[in-house]
Amino acid sequence: MSLTATAPTTAPAEPGWLQRNRMIVTPLLFLTPGVLFFMLYVIIPIIQSFNISLYQWDGLGEATFVGLRNYEELATDRAFEISLWNNVKWLALYLLAIPAGLFIALFLNQTVMGIRVYKSLFFFPFVISQVVVGLVFSWFYLPNDGLFDIIMGWFGVDIRGGVLGNPNTATYGIIAAGLWPQTAYCMILYLTGLNAVDPEQIEAGRLDGAKGIRMLWHVILPQLKPATFIAFVVTIIGALRSFDLISIMTNGGPFGSTRVLSFYMFEKALSEYGFRMGYGSAIAVVLFLIMLVFIAYFLWSMYREERAARR
């Protein structure tokens with residue numbers, strides 16, 4: 001009678017906590033540095049701005065608590081009213097960059113001779129500095145000698161003081177300068193989105209008889225919603241924080257007619273107008289709340305669409 005020895009069976013080792021939760025831990029580890037920097041350089045300064053807006057402070061001496069007095073002063077400040085109205089103009093007209101960028105992207109998405117040269121020409125405004133854009137358009141708008149005045153002279157149009165010297169036209173001239181690089185940015189977003197458009201859906205649309213505007217509206221644009229969302233958010237933020245072009249082209253003039261909230265905030269907080277940190281922070285808070293309304297609306301719209309698509 002032979003006896004056979006059987007090897008003892010050992011149970012597999014229990015996986016550790018880190019292994020069991022690696023699908024959660026790994027993304028958190030990657031996100032942590034970005035979240036920390038975002039908290040340090042965005043969230044904390046926003047909270048500090050809210051706090052400073054409740055004080056009267058010159059940035060060096062002792063701060064005096066004044067409550068909501070800075071906000072009450074904003075309600076009767078004519079310069080703040082002009083700045084706010086100019087921001088509304090920037091918002092309304094700056095959004096023209098989105099459809100302009102879309103149609104340029106649709107043109108550049110074609111396979112025609114010399115398309116790379118066209119893409120380079122339209123891409124060029126995006127890579128140059130806003131300061132350079134401001135200087136170029138300042139020369140373009142020069143009274144009498146500028147190209148714009150020369151062209152207007154051919155049609156018998158005389159803008160007194162030039163575009164930037166006339167309070168009625170200066171803001172629109174700066175917005176036109178800002179639209180040049182902003183349109184290029186929207187064009188890049190839509191070119192990237194067009195590369196991800198499903199060719200099978202386009203072919204199905206053609207079989208159904210869709211072409212031209214119908215193809216664009218019902219087949220292509222629905223697939224470009226992510227690009228449109230980013231274009232809207234970036235364009236709105238760019239319109240609300242417009243500062244560099246105004247500083248270069250008019251420095252808020254003539255007679256303060258081209259001020260926007262960001263420029264007026266700088267004037268009140270950091271320039272020769274008195275170093276009123278509390279009042280400048282109150283302007284910054286108003287500007288932040290306006291941005292927050294628009295961004296929250298678009299984020300909620302995207303979330304609602306994604307939730308509806310999952311059902």
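Calculation notes
- Residues numbered from 1 in each chain as written.
- Predicted model: local features only at pLDDT ≥ 70, side-chain atom pairs only at ≥ 80, totals over all residues.
- Heavy atoms only, no water.
- Helix = DSSP H or I, 4+ residues; strand = E, 2+ residues; numbered from the N terminus.
- Rg over C-alpha atoms; globule rule 2.2 N^0.38 Å.
- Contact = heavy atoms within 4.5 Å.
- Areas by Shrake-Rupley, 256 points an atom, 1.4 Å probe, with all protein chains shown as cover.
- Lys, Arg positive; Asp, Glu negative; His and termini not counted.
- Charge placed at Lys NZ, Arg CZ, Asp CG, Glu CD.
- Phe/Tyr/Trp six-rings, centres within 6.5 Å; stacked < 30°, edge-to-face > 60°.
- Buried < 20%, exposed > 50% of the residue type's maximum accessible area, 1.4 Å probe, protein only.
- Lys NZ or Arg CZ within 6 Å of the ring centre and 35° of its normal.
- Axes fitted to C-alpha atoms, helices over the stretch in contact; angles between N-to-C directions.
- Parallel < 35°, antiparallel > 145°, perpendicular 65-115°, else oblique.
- Left-handed = near helix turned anticlockwise from the far one by under 90°.
- Nonpolar A, V, L, I, M, F, W, Y, C, P; charged D, E, K, R; others polar.
- Expected span 1.5 Å × (residues − 1).
- Salt bridge = Lys/Arg side-chain N within 4 Å of Asp/Glu carboxyl O.
- Core = buried A, V, L, I, M, F, W, Y, C linked by side-chain atoms within 4.5 Å.
- Polar contact = N/O pair within 3.5 Å; in protein donor to acceptor, adjacent residues only side chain to side chain.

Caption draft 1: Focus on the overall build of the protein. Secondary structure assignment for the protein yields 15 helices and two strands. Over its C-alpha atoms the protein spans a radius of gyration of 28 Å, topping by over 25% the 19 Å that the globule rule assigns to 311 residues. Across its three principal axes, the protein shows a C-alpha extent of roughly 120 × 65 × 35 Å. Contacts in the protein between residues at least 24 apart in sequence constitute 67% of all its contacts with a sequence separation of at least 6. For the protein, the accessible surface area stands at approximately 20000 Å², while carbon and sulfur atoms represent 67% of it. When the 20 basic and 19 acidic side-chain charges of the protein are each reduced to a single mean position, those positions are 9 Å apart.

Caption draft 2: Fine view of the packing of aromatic side chains. For the structure shown, the criterion picks out 18 aromatic pairs. When the centroid spacing of 5.4 Å and the interplanar angle of 55° are considered together, the rings of Trp90 and Tyr94 count as tilted. Taken together, the positions of Trp90 and Tyr94, both in helix 4 (residues 78–94) and four residues apart, correspond to about one turn of that helix. Accessibility expressed as a relative area gives 1% for Trp90, which makes it buried. Accessibility expressed as a relative area gives 3% for Tyr94, which makes it buried. Taken together through their ring pairs, the aromatic side chains of Phe137, Phe140, Tyr141, Phe148 and Trp180 make up a single cluster. Against the face of Tyr279 rests Arg276, its NZ or CZ located 4.4 Å from the ring centre.

Caption draft 3: Main features of the packing of helix 9 (residues 170–195) against helix 12 (residues 225–240). Close contact between helix 9 and helix 12 brings their axes to 9 Å; oriented N to C, the two are set at 160°. Classified by the interaxial angle, the pair formed by helix 9 and helix 12 is roughly antiparallel. Here helix 9 and helix 12 pass one another in a crossing that is right-handed. Taking contact as the criterion, the partners of Gln182, Tyr185, Cys186, Leu189 and Tyr190 in helix 9 are, on helix 12, Ala227, Thr228, Ile230, Ala231, Val234 and Thr235. Taken together, the residues of the contact of helix 9 with helix 12 break down into eight nonpolar, three polar and no charged.

Caption draft 4: Region of the structure containing helix 5 (residues 97–108). End to end, helix 5 covers 16 Å across twelve residues, agreeing with the expected 16 Å (1.5 Å per residue, within 8%). Along helix 5, the residues that are buried comprise Ala97, Ile98, Gly101, Leu102, Ile104, Ala105, Leu106 and Leu108. For helix 5, the secondary structure elements touched by its buried residues are helix 4, helix 6 (115–127), helix 9, helix 11 (213–223) and helix 12.

Caption draft 5: Geometry of the pattern of salt bridges. Following the criterion strictly, the structure yields three salt bridges and no others. Two residues, Glu81 and Arg78, come together in a salt bridge whose shortest N-O distance is 3.2 Å. Here Glu81 pairs with Arg78, and both are found in helix 4, just three residues apart, close to one helical turn. With a closest N to O distance of 2.5 Å, Glu267 and Arg259 form a salt bridge. For Arg259, a relative accessible area of 15% translates into the label buried.

Caption draft 6: Representation of the nonpolar core within the structure. Among the nonpolar cores identified, the biggest contains 61 residues, and Trp90 and Met249 are the most heavily contacted of them. Broken down by element, this core gets its largest block of residues, ten residues, from helix 9.

Caption draft 7: Broad picture of the side chain of Ser301. You can see Ser301 is positioned in helix 15 (residues 277–310). There is a polar contact of 2.9 Å between the side chain of Ser301 and the backbone oxygen of Tyr297.

Caption draft 8: Geometry of the packing of helix 4 against helix 9. It is at 10 Å that the axes of helix 4 and helix 9 come closest, and there the two elements cross at 40°. Overall, the two elements helix 4 and helix 9 adopt an arrangement that is oblique. Two packed elements cross with a definite hand, and for helix 4 against helix 9 that hand is right-handed. Residues Asn86, Lys89, Trp90, Leu93 and Tyr94 of helix 4 form the contact with helix 9, whose own contacting residues are Thr171, Tyr172, Ile174, Ile175, Gly178, Leu179 and Gln182. Considered class by class, the residues forming the contact of helix 4 with helix 9 number seven nonpolar, four polar and one charged.

Just distances and angles here, no functional claims.
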